[in-house]
Amino acid sequence: MSAEGAELGPGSGPRPGPEPGPLCPEHGQALSWFCRSERRPVCAACAGLGGRCRGHRIRRAEERAEELRSMASAARELVIQRLSLVRSLCESEEQRLLEQVHGEEERAHQSILTQRVHWAEALQKLDTIRTSLVGMLTHLDDLQLIQKEQEIFERTEEAEGILDPQESEMLNFNEKCTRSPLLTRLWATAVLGSLSGTEDIRIDERTVSPFLQLSDDRKTLTFSTKKSKTCADGPERFDHWPNALAATSFQNGLHAWMVNVQNSCAYKVGVASGHLPRKGSGSDCRLGHNAFSWVFSRYDQEFRFSHNGQHEPLGLLRGPAQLGVLLDLQARELLFYEPASGTVLYTHHGSFPGPLFPVFAVADQTISIVR
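Just so we're clear, the structure is a prediction, and the values are computed from it rather than from any experiment.

Rules of the game
Residues numbered from 1 in each chain as written. Predicted model: local features only at pLDDT ≥ 70, side-chain atom pairs only at ≥ 80, totals over all residues. Heavy atoms only, no water. Salt bridge = Lys/Arg side-chain N within 4 Å of Asp/Glu carboxyl O. Helix = DSSP H or I, 4+ residues; strand = E, 2+ residues; numbered from the N terminus. Buried < 20%, exposed > 50% of the residue type's maximum accessible area, 1.4 Å probe, protein only. Phe/Tyr/Trp six-rings, centres within 6.5 Å; stacked < 30°, edge-to-face > 60°. Pairing = 2+ DSSP bridges. Contact = heavy atoms within 4.5 Å.

K.L.:
Mind laying out the pattern of salt bridges, listing which residues take part and the relevant values?
P.N.:
Within the structure shown, the criterion is met by 18 salt bridges. With a shortest N-O distance of 2.6 Å, Arg64 and Glu67 are connected by a salt bridge. Placement of the pair is Arg64 and Glu67 together in helix H3 (residues 61–139), with a separation of 3 residues, close to one helical turn. A residue is classified by how much of its surface remains accessible, and Arg64, at 10% relative accessible area, is buried. Across the pair Lys219 and Asp200 runs a salt bridge, and its minimum N-O distance is 3.3 Å. Linking Lys219 in the loop between strand E4 (212–214) and strand E5 (220–223) with Asp200 in the loop between helix H6 (181–195) and E4, this pair joins segments that are 19 residues apart in sequence. Accessibility expressed as a relative area gives 9% for Lys219, which makes it buried. What makes Asp200 partly exposed here is its relative accessible area of 34%. Sharing partners across several salt bridges, the network here consists of Arg36, Arg59, Glu63, Arg64 and Glu67.

Below is the structure:
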C-alpha cells in the first residue's frame, strides 16, 4: 500500500460536495436566477438574450431569497406585535371585568349585611309582640280579654307586616358587568375559525311556505309572488308568511352556520322554537314578532334584530354578502356575524326554550345555506 493510500485510511476519500439543486427542465442548468414577471426561478440561459425570459424583470435567486427572508421576518414581527397587543388588551379587559364583578360582590355583600340587621330587628319586634300576647292570654280574664280585642287585633296585624320581604335592588346581580364586547369578538373569531359552516343544515320541506320554492338539495329558498297550488298543506307548513324551518334542531352545545344573502334585499335569518305557530297572517306567526323567534332581518337598507315584537335597529352601512349565525346554548348566546370580515353584527343574551331550529324567511329573490 502506498504512503498516499495509507494516509487516507479506511472510510476516507474525497468528501462529497453539496448536492446540486433542481435544474432547469429546458436547459439542464442550475436555477440561479428569479424571473419576477413569471414569479419563478429560472436558469442563466432562460434569463439570457435568447431565453424565454428576455425582457422580463430578472434578479439573482439569492437576492430574491434574501428579500423573502426579510419579508418573513417583518411579518413575524408584525404577528408578534399584534399578539402582544391582543394579550395586553385582554389583560386590561380582564382586569376591568374583575373589578366590576368585585364591585358587584361588595355591593351584594353590603346589602346582605343590611338585610341581616333588618331581620334581627324584625325578630326582636316579633318576640316583643309574642310576649305581650302571651301575657294577655295568660293573665286576663274573659271580660278583660274582650276589652283588649282591638289591641290584640292591632298587635296581630303589626306582626304580619314585620315578616314582609324587604326588596332591594342591591341584591340583584348586574349580569352586564360580566359581558365584554372585546372578548366576545375575540372568542367569536376563534370559534368561527374552526366551526363556521360545519353544520349540515337543510330545510324541512314540510314547513316551506307556498310562496317559497325549495331547491333539490334543500338549501336554497326562492321567493315567488304567486302562491303555489301544488304545495300540499299540513300542520307543519307556514301558510301565509314566507318562512321555513330547518330539519335540524339543537338542544345544547355550540353550533354555527352561514347563509348566502347577497341576492336578497328582504330576508330574515335566525332561530325559532318548535312552538312557533304556522297558520294565519297574525304576528304570532311572523318571525321576530313573537316570543318564539329571534332573527336578524333586512328590508331594503334597514337592518335590525327582532324578538317578541321588539325591534333593535342595527347601524350597518352595507348588507353582508353572507350572514353567519353562532348559537351557544350553554352560554345562552345568539350571535350574528359577517364571515368575510369576522365582524360581529349583533349579540343576544337570554334564555331559549329548546329545542331551537334554524329559521329562514325571504321576500325578495333567493337565500342559500352555505356548507
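K.L.:
Can you break down the packing of aromatic side chains residue by residue, with the values?
P.N.:
One pass over the structure, following the stated rule, counts 6 aromatic pairs. Taking the centre distance of 5.1 Å and the plane angle of 70 degrees together, the rings of Trp294 and Phe352 count as edge-to-face. Here Trp294, found in strand E9 (residues 293–299), pairs with Phe352, found in the loop between strand E14 (343–349) and strand E15 (356–362); they are 58 residues apart in sequence, far enough to count as distant. Across the pair, Phe352 and Trp294 agree in class, each one buried. Ring centres of Phe296 and Phe336 lie 5.8 Å apart, and the angle between their planes is 40 degrees; on these two criteria the pair is classed as tilted. Of this pair, Phe296 sits in strand E9 while Phe336 sits in strand E13 (residues 333–338), and the two are 40 residues apart along the sequence. For the pair Phe296 and Phe336, a shared accessibility class is recorded, and that class is buried. By way of ring pairs, the aromatic residues Phe296, Phe303, Phe305, Phe336 and Tyr346 are connected into one cluster.

K.L.:
Let's hear about unusual backbone geometry: which residues, and what values?
P.N.:
Of note, the phi angle at Asn308 is positive, near 55 degrees, even though the residue is not glycine. Looking at the element boundaries, Asn308 is found in the loop between strand E10 (302–307) and strand E11 (310–313). Exposure remark for Asn308: the relative accessible area of 44% places this residue in the partly exposed category. Look at Arg332: it is not a glycine, yet its phi comes out positive at around 55 degrees. Secondary-structure assignment places Arg332 in the loop between strand E12 (322–328) and E13. Given a relative accessible area of 39%, Arg332 falls into the partly exposed group.

K.L.:
Describe the pairing of E12, listing the residues and the values that go with them.
P.N.:
Most of E12 is tucked away, with 6 of its 7 residues classed as buried. Two strands pair when backbone bridges link them, and strand E7 (residues 254–260) and E12 are joined in this way by 7 bridges, in the antiparallel orientation. From the neighbouring strand, Met258 faces E12, where its bridge partner is Gly324. Pairing of E12 with E13, which is carried by 5 bridges, proceeds in the antiparallel orientation. Bridge assignment links Gly324 to a residue of E13, and that residue is Tyr337.

K.L.:
Please give an account of the side chain of Asp204 that cites residues and values.
P.N.:
If you trace the backbone, Asp204 turns up in the loop between H6 and E4. What makes Asp204 buried here is its relative accessible area of 11%. Leaving out residues up to four positions away in the same chain, Asp204 has contacts with Leu245, Ala246 and Ala247.

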